[in-house]
Amino acid sequence: EWSRDFQQASIAIEDRAGKVAVCAAQIEGGLELLGATAVEDKLQEGVPETIDAMRHAGVQVWMLTGDKLETAISIALTCNLLKEWMKLLIVRE
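Residues numbered from 1 in each chain as written. Predicted model: local features only at pLDDT ≥ 70, side-chain atom pairs only at ≥ 80, totals over all residues. Heavy atoms only, no water.

Concerning the overall build of the protein chain
Inference 1: Within the protein chain one finds four helices and zero strands.
Inference 2: Along the chain direction, N to C, the helices and strands of the protein chain fall in the order α-α-α-α.
Inference 3: On C-alpha atoms alone, the protein chain measures out to a radius of gyration of 22 Å, which is more than a quarter above the 12 Å that the 2.2 N^0.38 rule sets for 93 residues.
Inference 4: C-alpha extents for the protein chain along the principal axes are approximately 60 × 35 × 20 Å.
Inference 5: Put simply, the protein chain has 93 residues, and 14% of those count as buried.
Inference 6: The contacts in the protein chain between residues at least 6 apart in sequence include a share of 38% that link residues at least 24 apart.
Inference 7: Accessible surface for the protein chain amounts to roughly 8,400 Å². Of this, 55% is attributable to carbon and sulfur atoms. (Helix = DSSP H or I, 4+ residues; strand = E, 2+ residues; numbered from the N terminus. Rg over C-alpha atoms; globule rule 2.2 N^0.38 Å. Buried < 20%, exposed > 50% of the residue type's maximum accessible area, 1.4 Å probe, protein only. Contact = heavy atoms within 4.5 Å. Areas by Shrake-Rupley, 256 points an atom, 1.4 Å probe, with all protein chains shown as cover.)

Structure follows, in structure tokens:
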């Protein structure tokens, strides 16, 4: 029954997002978290040095990410894209 309702909601012409949200609430209600995990992406070897070399060659390097701001800044510092002395420009929209 839920699968049928969800299928209908996902192809609805009017208020699709609302109908899908109702279906999601039906299936997700009453769940108990049994465990959680996280994955840490590590930089590949040589990334910081490569970014430094590119910047010294005059190549402009930009960072576009969907990460949280704090995570993005940490990654940028780790890979030498951002130095502590640099001015940081944050564009949110």
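A short note on the confidence of the model for the protein chain
Inference 1: With 97% of its residues at a pLDDT of at least 70, the protein chain reaches an overall mean of 86.
Inference 2: The weakest mean pLDDT in the protein chain belongs to helix α4 (residues 69-78) at 87; the strongest belongs to helix α1 (residues 2-10) at 93. (pLDDT = per-residue confidence, 0-100.)

What about the nonpolar core?
Inference 1: Judged by nonpolar contacts, Ile51, Ala76, Cys79, Leu81, Leu82 and Met86 together constitute the single largest core of six residues.
Inference 2: Not counting residues within four places of it along the chain, the set of residues in contact with Met86 comprises Arg55 and Leu81. (Core = buried A, V, L, I, M, F, W, Y, C linked by side-chain atoms within 4.5 Å.)

Structural notes on unusual backbone geometry
Inference 1: Unusually for a residue other than glycine, Asp15 sits at a positive phi of about 55 degrees.
Inference 2: Tracing the backbone shows Asp15 in the loop between α1 and α2 (16-28).
Inference 3: Accessibility expressed as a relative area gives 53% for Asp15, which makes it exposed.
Inference 4: If you check the backbone angles, Asn80 has positive phi at about 65 degrees while not being a glycine.
Inference 5: Relative to the elements of secondary structure, Asn80 occurs in the segment after α4.
Inference 6: We classify Asn80 as buried; its relative accessible area is 19%.

Comments concerning helix α3 (residues 47-56)
Inference 1: Restricting attention to buried positions, one finds in α3 the residues Pro48, Ile51 and Asp52. On an axial view of α3, the arc spanned by its buried residues comes to 100 degrees, and they lie on one face.
Inference 2: Where α3 is buried, its residues contact α4.
Inference 3: Just beyond α3, the residue with positive phi is Gly58, at close to 95 degrees. (Arc of directions from axis to C-beta.)

Here we look at the pattern of salt bridges
Inference 1: Tallied over the entire structure, the rule returns two salt bridges.
Inference 2: A salt bridge links Asp5 to Arg4, with the shortest nitrogen-to-oxygen separation between them at 3.4 Å.
Inference 3: Of the residues examined, Asp5 reaches a relative accessible area of 27% and is grouped as partly exposed. (Salt bridge = Lys/Arg side-chain N within 4 Å of Asp/Glu carboxyl O.)

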